Amino acid sequence: METTKFDIADYLDSEEMIAEYLNTVLEDGESSDLIVAIGHIAKAIGMTKIAEKTGMSRPSLYKALSDGAKPQFGTIMKVLKAIGGQINVKPMSA
């Protein structure tokens, strides 16, 4: 029996799936999880395409979105815009 390594990027094939993934990470994860999730989405869309849209180099993107990275908020916002996402704030229920 042959197995392959699971890669979430293989399943992020629609805007709805990407949005659901990001919302789940935002609700349940920590800031480091969000950075990694955005990296997975950028990989699914294509790092070259995201690099072109953000004006960043591919190596810079990989570095900024890797596990343990601490990118600037501006970088996160650029990448979110490039992947077609945005952050919405809603009140938390008591």
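Residues numbered from 1 in each chain as written. Predicted model: local features only at pLDDT ≥ 70, side-chain atom pairs only at ≥ 80, totals over all residues. Heavy atoms only, no water.

The name an unreviewed UniProt entry gives the chain is Addiction module antidote protein, with Maribacter chungangensis as the organism.

Caption draft 1: Quick look at the pattern of salt bridges. The full count for this structure, using the stated rule, is one salt bridge. In this structure, aspartate 7 engages lysine 43 in a salt bridge whose closest nitrogen and oxygen atoms are separated by 2.6 Å. Taken as a pair, aspartate 7 in the segment before α1 (15-28) and lysine 43 in helix α2 (residues 31-45) lie far apart in primary sequence, 36 residues in all. By relative accessible area, which is 45% here, lysine 43 ends up partly exposed. (Salt bridge = Lys/Arg side-chain N within 4 Å of Asp/Glu carboxyl O. Helix = DSSP H or I, 4+ residues; strand = E, 2+ residues; numbered from the N terminus. Buried < 20%, exposed > 50% of the residue type's maximum accessible area, 1.4 Å probe, protein only.)

Caption draft 2: Region of the structure containing the packing of aromatic side chains. Enumeration over the complete set of coordinates arrives at one aromatic pair. Ring centres of phenylalanine 6 and tyrosine 11 lie 5.5 Å apart, and the angle between their planes is 20 degrees; this geometry places the pair in the stacked category. Using a relative accessible area of 58% as the deciding quantity, one classes phenylalanine 6 as exposed. (Phe/Tyr/Trp six-rings, centres within 6.5 Å; stacked < 30°, edge-to-face > 60°.)

Caption draft 3: A look at the nonpolar core. Ranked by size, the top nonpolar core spans 22 residues in total, and within it Leu22, Ile38, Leu61, Leu65 and Ile83 carry the most contacts. At the level of elements, α1, α2, α3 (47-54) and α5 (73-82) are the ones that each hand at least two residues to this core. With sequence-adjacent residues up to four places away left out, isoleucine 38 is seen in contact with Leu22, Leu65, Ile76, Val79, Leu80 and Ile83. (Core = buried A, V, L, I, M, F, W, Y, C linked by side-chain atoms within 4.5 Å. Contact = heavy atoms within 4.5 Å.)

Caption draft 4: Fine view of α1. With 14 residues, α1 should cover 20 Å at 1.5 Å per step; its first-to-last C-alpha distance of 20 Å lies within 8% of that length. Where α1 is concerned, the buried positions are Ile18, Tyr21, Leu22 and Val25. Seen along its axis, α1 keeps its buried residues to an arc of 95 degrees; they face one direction. Exposed positions of α1 whose direction lies more than 90 degrees from the buried face are Glu16, Glu27 and Asp28. Against α2 and α5 lie the buried residues of α1. (Expected span 1.5 Å × (residues − 1). Arc of directions from axis to C-beta.)

Caption draft 5: The confidence of the model for the chain, seen in detail. With 99% of its residues at a pLDDT of 70 or more, the chain has an overall mean of 90. Per-residue pLDDT, averaged within each element of the chain, yields its smallest value for α1 (90) and its largest for α3 (95). (pLDDT = per-residue confidence, 0-100.)

Caption draft 6: Looking closely at the environment of isoleucine 41. Mapped onto the secondary structure, isoleucine 41 falls in helix α2. You can call isoleucine 41 buried: its relative accessible area is 0%. In this structure, the C-alpha to C-alpha distance between isoleucine 41 and phenylalanine 6, residues 35 residues apart in sequence, is 15 Å. Among residues more than four places away in sequence, those in contact with isoleucine 41 are Leu12, Ile18, Tyr21, Leu22 and Ile83.

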